[in-house]
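# A structural walkthrough
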Amino acid sequence: MGDQYGKANRFLYDAVPSNISLTDFCDMAKFDQMMKDWAESTGLATVAVDNKGEYISGYYNFTDFCERLTRKSAEGLKRCIECDKTGRGIYLCHAGLVDFATPITLDDGTYLGSIVGGQVLPLRPDEEKFRRLADELNIDEETYISALRKVNVRSESAIRASAELLGNVINMFVRSSYREHMNASSLLERAHIIASLAKIYFCCYFINIEEDSFIELDATQNLHVYSENETSAVKLSEKLSSVFIEHEFLSYYQAFTDLTTLPKRMEDSESISYEFIAKNTGWCRGTFIKVAEDEKDMFHVIYVIQNIQTEKEHDFAVREKLQEAAVKANLASMAKTDFLARMSHDIRTPLNGIIGMNYLAMKETDDPKVTEYLNRIDISSKFLLSLINDILDVSKAESGKIELHLEPYPISEFNLYIKSVIEPLCQQKNIRFELHENVSADEVPVLDIARSNQVTFNLLSNAVKFTPAGGTVSLTIHERQTSPGRAEIEQIITDTGIGMSREFLEHMYEPFTREYPTADYRSGSGLGLAIVKNLVKLMGGTIKAVSEQGKGTSITVTYPADMKDRAALDELKKAAAHPDPLRMDGMRLLLCEDNELNAQIASQLLQLKGASVDIAVNGRIGLEKFAQSSPGTYAAVLMDIRMPEMDGLTAAGKIRELEREDAGTVPIIAMTANAYQEDIKKCLDTGMNAFIPKPIDPDKMYQIILNAVNKK
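Now for a look at the structure at hand. (Residues numbered from 1 in each chain as written. Predicted model: local features only at pLDDT ≥ 70, side-chain atom pairs only at ≥ 80, totals over all residues. Heavy atoms only, no water.)

Scanning the chain from N- to C-terminus turns up 25 helices and 21 strands. Split into buried and exposed, the 712 residues of the chain put 46% on the buried side. A sequence separation of at least 24 residues applies to 65% of the contacts in the chain between residues at least 6 apart. For the chain, the accessible area works out to roughly 36700 Å², and carbon and sulfur atoms hold 52% of it. (Helix = DSSP H or I, 4+ residues; strand = E, 2+ residues; numbered from the N terminus. Buried < 20%, exposed > 50% of the residue type's maximum accessible area, 1.4 Å probe, protein only. Contact = heavy atoms within 4.5 Å. Areas by Shrake-Rupley, 256 points an atom, 1.4 Å probe, with all protein chains shown as cover.)

The subject of this paragraph is the layout of surface pockets. What the second largest pocket holds in volume is close to 580 Å³. Lining the second largest pocket we find 19 residues, and of these Thr42, Ala161, Ser162, Leu165 and Ala325 sit closest to its centre. Looking at which element gives the most residues to the lining of the second largest pocket, the answer is helix 7 (residues 156-183), with 7 residues. For the lining of the second largest pocket, a count of residues per class yields 9 nonpolar, 5 polar and 5 charged. (1 Å grid on protein atoms, 1.4 Å probe; cavity = no way out; pocket = protein on both sides within 12 Å on 5 of 7 lines; lining within 4 Å. Points joined across faces, edges and corners; volume = space filled by probe spheres on them. Nonpolar A, V, L, I, M, F, W, Y, C, P; charged D, E, K, R; others polar.)

Let's shift gears to the pattern of salt bridges. Two side chains bearing opposite charge may form a pair once their charged atoms approach each other closely. Within this structure, the stated rule accounts for 27 salt bridges. Here Glu128 ties to Arg131 by a salt bridge, and the two come within 3.8 Å at their closest N and O atoms. With a gap of 3 residues between them, Glu128 and Arg131 both fall in helix 5 (residues 127-137), about one helical turn apart. (Salt bridge = Lys/Arg side-chain N within 4 Å of Asp/Glu carboxyl O.)

Further remarks concern the environment of Lys551. Relative to the elements of secondary structure, Lys551 occurs in the loop between strand 15 (542-548) and strand 16 (552-565). A relative accessible area of 58% places Lys551 in the exposed class. A C-alpha to C-alpha distance of 9.1 Å links Lys551 and Met500, two positions 51 residues apart in sequence. Aside from chain neighbours lying at most four places away, what touches Lys551 is Asp495, Thr496 and Gly497.

It is worth spelling out the packing of helix 16 (residues 411-429) against helix 17 (residues 449-465) at this point. One way to put it is that helix 16 packs onto helix 17 with a least axis distance of 10 Å and a crossing angle of 15 degrees. With respect to helix 17, the element helix 16 is oriented roughly parallel. In this structure, helix 16 crosses over helix 17, and the sense of that crossing is right-handed. Residues Phe414, Tyr417, Ile418, Val421, Ile422, Leu425, Cys426 and Lys429 of helix 16 form the contact with helix 17, whose participating residues are Asn453, Thr456, Phe457, Leu460, Ser461, Val464 and Lys465. The class makeup of the residues in the contact of helix 16 with helix 17 is 10 nonpolar, 3 polar and 2 charged. (Axes fitted to C-alpha atoms, helices over the stretch in contact; angles between N-to-C directions. Parallel < 35°, antiparallel > 145°, perpendicular 65-115°, else oblique. Left-handed = near helix turned anticlockwise from the far one by under 90°.)

It is worth spelling out the side chain of Thr42 at this point. Within the secondary structure, Thr42 sits in helix 2 (residues 28-42). By relative accessible area, Thr42 is classed as buried at 13%. Reaching out from Thr42, the side chain makes a polar contact with the backbone nitrogen of Leu44 at a distance of 3.2 Å. If near-sequence neighbours (up to four positions away) are discounted, Thr42 is found in contact with Arg154 and Ser162. (Polar contact = N/O pair within 3.5 Å; in protein donor to acceptor, adjacent residues only side chain to side chain.)

Right, let's talk about the state of the cysteines for a bit. Counted according to the given criterion, the structure contains 0 disulfides. Free cysteine Cys204: the closest other cysteine sulfur is in Cys203, separated by 7.6 Å. Residue classification places Cys204 among the buried residues on the basis of a relative accessible area of 0%. (Disulfide = S-S within 2.5 Å.)

With respect to burial, strand 20 (residues 668-672) is a largely interior element, 5 of its 5 residues being buried. Burial along strand 20 is two-sided: the residues Ile668, Ala670 and Thr672 and Ile669 and Met671 are all buried. The pairing of strand 19 (residues 636-639) with strand 20 spans 3 bridges and is classified as parallel. Bridging from a neighbouring strand, Leu638 pairs with Ile669 of strand 20. Note on the crossover from strand 19 through helix 23 (residues 648-657) to strand 20: the handedness is right-handed. For strand 20 and strand 21 (residues 690-693), the ladder comprises 4 bridges, and the chain directions are parallel. Of the residues in strand 21, the one forming a bridge with Thr672 is Pro693. (Pairing = 2+ DSSP bridges. Right-handed = clockwise from strand over helix to strand, strands pointing away.)

Across the sheet, which stays open at both edges, the 5 strands sit in the order 6-5-9-8-7 with antiparallel pairing between neighbours. Strands with a single pairing partner mark the edges of an open sheet, and in this sheet they are strand 6 (213-219) and strand 7 (271-278). Averaged over all pairs of adjacent strands, the angle between strand axes in this sheet comes to 20 degrees, irrespective of strand direction. Relative to strand 6, strand 5 (residues 201-208) runs antiparallel, the two being bridged by 6 bridges.

Our next topic: helix 5. Given 3.6 residues per turn, any residue in an α-helix points the same way as the ones three and four places further on. Along helix 5, the residues that are buried comprise Phe130, Arg131, Leu133, Ala134 and Leu137. The arc that holds every buried residue of helix 5, seen down its axis, measures 160 degrees, which confines them to one face. (Arc of directions from axis to C-beta.)

Here the structure, examined in full by the defined rule, presents 16 aromatic pairs. Summarising the aromatic geometry, the rings of Tyr59 and Phe62 are spaced 6.3 Å apart at their centres and angled 75 degrees between planes, so their arrangement reads as edge-to-face. By relative accessible area, which is 15% here, Phe62 ends up buried. Measuring from ring centre to ring centre gives 6.0 Å for Tyr409 and Phe414, while their planes differ by 85 degrees; the resulting arrangement is edge-to-face. Each member of the pair, Tyr409 as well as Phe414, is classed as buried. Chaining the aromatic ring pairs together yields one cluster made of Phe244, Tyr253, Phe256, Tyr274, Phe276, Phe288 and Tyr303. (Phe/Tyr/Trp six-rings, centres within 6.5 Å; stacked < 30°, edge-to-face > 60°.)

With that settled, consider empty space enclosed by the protein. Empty space left among the atoms is revealed by rolling a probe the size of a water molecule over them. Inspection of every chain in the model, using the stated rule, returns 3 cavities of 30 Å³ or more. Considering only enclosed or pocket space, the largest cavity measures out at about 150 Å³ in volume. Lining the largest cavity are 17 residues, and of these Tyr409, Ile411, Phe414, Pro445 and Leu447 lie nearest its centre. Of all elements in the fold, only helix 16, strand 12 (443-448), helix 17, strand 13 (472-483) and strand 14 (486-495) reach the threshold of two or more residues within the lining of the largest cavity. Partitioned by chemical class, the residues of the lining of the largest cavity number 10 nonpolar, 4 polar and 3 charged.

Spatially, 4 strands are ordered 1-4-3-2 in an open sheet, and the strand pairing comes out antiparallel. Looking at which strands have only one partner, the edges of the open sheet turn out to be strand 1 (45-50) and strand 2 (89-92). Across this sheet, the average inter-strand angle for adjacent strands is 20 degrees, counted without regard to direction. Sheet contacts for helix 2: strand 1, strand 3 (98-105) and strand 4 (111-120); angle to strand 1, the most-contacted strand, approximately 155 degrees.

Turning our attention to the packing of helix 21 (residues 596-608) against helix 25 (residues 698-711). Where helix 21 contacts helix 25, the axes come no closer than 11 Å and their chain directions differ by 70 degrees. Accordingly, the angle class assigned to the pair helix 21 and helix 25 is roughly perpendicular. You can see that helix 21 and helix 25 cross each other, and the crossing is right-handed. Across the interface between the two elements, Leu605, Leu606 and Leu608 of helix 21 pack against Pro698, Met701, Tyr702 and Ile705 of helix 25. Residue composition of the contact of helix 21 with helix 25, grouped by class: 7 nonpolar, no polar and no charged.

Its 13 residues place the ends of helix 21 18 Å apart at the C-alpha level, agreeing with the 18 Å of an ideal helix rising 1.5 Å per residue. Residues of helix 21 that are buried include every one of Asn598, Ala599, Ile601, Ala602, Ser603, Leu605 and Leu606, and no others. You can read the cap of helix 21 off the contacts: a side-chain oxygen lies 2.9 Å from the backbone nitrogen of Asn598, and it is on Asn595. Immediately downstream of helix 21, the backbone of Gly610 shows phi near 95 degrees, a positive value. (Expected span 1.5 Å × (residues − 1).)

Below is the structure:
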């Protein structure tokens, strides 16, 4: 439905164009924004046309399948034009997409234009059918099927409800705008219009405030009787209030129609309105319209009453639909959260095996080369874990809350990390990677290791992605002391890649923004730079980019950091190394874990520190082992959450209910891949003492267990 197809279909409703144009009285920016918001929220395509067939809004969500392929074919365009002429309401186009057409009208039915769109599938497509259609239209089959797979699928009821909602909202906006436009006309025009349109305003009075007089321009018979033989506008208002307004609205209506305060209330307004329920009439709207003061500086108004019962019923219906949509959106959000929680668990479980086994392997080997490989596996797997945490931690992502965890980060560890994750990417593309540093040998910066790594990795991986083979990617690090114990860290990431345009540089940090959405550069969500921008801001830093198409890009990130004396940190490490503060000699622990590999890893990790471990393969067996043991046998219980027969939450609750002296005091520690804040709260509410997320960080696990046991 692009410009290349000329004027839009004027045959949708066989309507005759009126002389009224939408653009004469509507705020088209608000009109367009409503169209855009609806398209983004529903995933359906839409565009609006006026009563002459001219497009008056942006095109939103129109598919490549239709626009760039079907309509680009001569035969396809011919069939599409035929569909445009005959389609109305909710209909199926020749290519199998569901479209809709909704009229835009005034209250009296005057046709002003149409909203058309849709561009979705009613069900999953039969690809063989579309391959045959591609042959008929002389379109490359694979390109056509690829575009087809990107088309959204919606039920007919969902399309119909969405189209009706858009039509109702747009028509409400248009009609309201038209009424406001009419109110802006001259006094004489408004008086004639109000007096003549009895079906819109069932009573109309011209009021002189200073003289307390009125002229009845129009009124129904049951109200006209109260104006006969009456000259005071104030007394007329009192009569109407007593016989016309439902009791629950009476005091508010009397305050609204108080003519003594009306001039003050209308100082900055051309009109004011109040909606109320009238006896035997239903919902009405009373409106005072200011009239220019006359040569005697007298204040005049026109007061009209309109029956809006139908409008209110329509509003209530729309509101009910919106509430239903909100409920559905909430259910969808809950489903998303549940899905991500399950994904978190399913991803963390095997990752726990990788990290745990790698940790045990590092304890078993003295081979320097093997140790180096294992260290790189450890760094890469923990980085993968940090990415999983960022993606799957829904509560933090939705609330925008990310906490920094600061700790000393030696440059040697940073270099090892960078080489582990970036050098393999460069080797795959035959790109040279250079690392330069100008840092203090005597001090170590205090940073959030995961966040600073994420910033550097995102920028370097982008540089690698957009640099062709034979190019160069470099990272240069500077430290500049700004005050005693304080420094500014500067990282400059430079590449010889394809670069960015000046226009794109202004939008590069916006979410889902990509300059090269096709060819070799289509991979990625467009979120990387947006995440970098937010993290750099969180760390109190700045980021700036310089780029030229065809020559490459240079991005400079700076952020402040506290600095710690390297020698003092080394002494602390030596002091902490002997004796081992994490020993658990003599402790007997009950481990409830259904995954055999995870149970083996956790058991070996605990035995390294001198603990003995009893294993239960589900919550029921764990409960039985604890119940059958002598009081005080177990120093702590480590409990997985998801287990067959009896889950960890249930088992923990039943242990607390046992009638024995240590049932209420034995530390019960959750040890699970369910790492959401909601999961942690459930564990603590059930009576557990602490929470160890998977994949297990051995040192953190030891510390949590020792803390829980020592507090008992």
